[in-house]
Amino acid sequence: MAMPPLAHSPAKRRTTATVYARPAPMLDINEHVPGTVEPWEAIAPVRPDTPHVRALRFLDLGGDLVSGVLIIAGGVFAYGIARGL
């Protein structure tokens with residue numbers, strides 16, 4: 001009984017001509033046609049204003065404030081200890 005070859009067969013290479021010969025995909029219904037979007041609309045950040053997003057912004061701001069207070073208080077405390085020595 002013959003054993004099948006253990007080595008993997010080499011992958012078939014596709015030429016670039018076959019890749020570019022395919023038709024372009026159709027645009028989705030909600031996509032704009034290229035060139036119809038104003039430049040500022042293409043780069044303007046759009047943040048949804050939902051309770052979940054507001055909560056994350058509040059937690060982010062709260063964390064920044066707490067870490068700032070801890071860094072400043074730690075520096076003042078360390079300066080007080082260093083001056084007392």
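Keep in mind the model is a prediction, meaning the values are calculated, not measured.

1. What about the overall build of the protein?
Step number 1: Per the secondary structure count, the protein includes 3 helices and 0 strands.
Step number 2: Listing the helices and strands of the protein from first to last along the sequence gives α-α-α.
Step number 3: The buried share of the protein, reckoned over its 85 residues, is 0%.
Step number 4: On the protein, roughly 8,900 Å² of surface is accessible, and the fraction owed to carbon and sulfur atoms is 68%.

2. As for a nonpolar patch on the surface
Step number 1: Judged by side-chain polarity, Leu56, Phe58 and Leu59 come together as a nonpolar surface patch covering roughly 380 Å² of accessible area.
Step number 2: Considering the arrangement of structural elements, one finds Leu59 in helix 3 (residues 51-84).
Step number 3: In this structure Leu59 comes out as exposed when scored by relative accessible area, which is 57%.

3. What to know about the confidence of the model for the protein
Step number 1: Residue-level pLDDT values for the protein average 77, and 68% of them are 70 or greater.
Step number 2: Across the protein, helix 3 holds the top mean pLDDT of 88, while helix 2 (residues 39-43) sits lowest at 69.

Reading guide: rules and limits
- Residues numbered from 1 in each chain as written.
- Predicted model: local features only at pLDDT ≥ 70, side-chain atom pairs only at ≥ 80, totals over all residues.
- Heavy atoms only, no water.
- Helix = DSSP H or I, 4+ residues; strand = E, 2+ residues; numbered from the N terminus.
- Buried < 20%, exposed > 50% of the residue type's maximum accessible area, 1.4 Å probe, protein only.
- Areas by Shrake-Rupley, 256 points an atom, 1.4 Å probe, with all protein chains shown as cover.
- Patch = residues over 30% accessible without salt bridge, like charges linked within 9 Å, V, L, I, M, F, W, Y side chains within 5 Å.
- Salt bridge = Lys/Arg side-chain N within 4 Å of Asp/Glu carboxyl O.
- pLDDT = per-residue confidence, 0-100.

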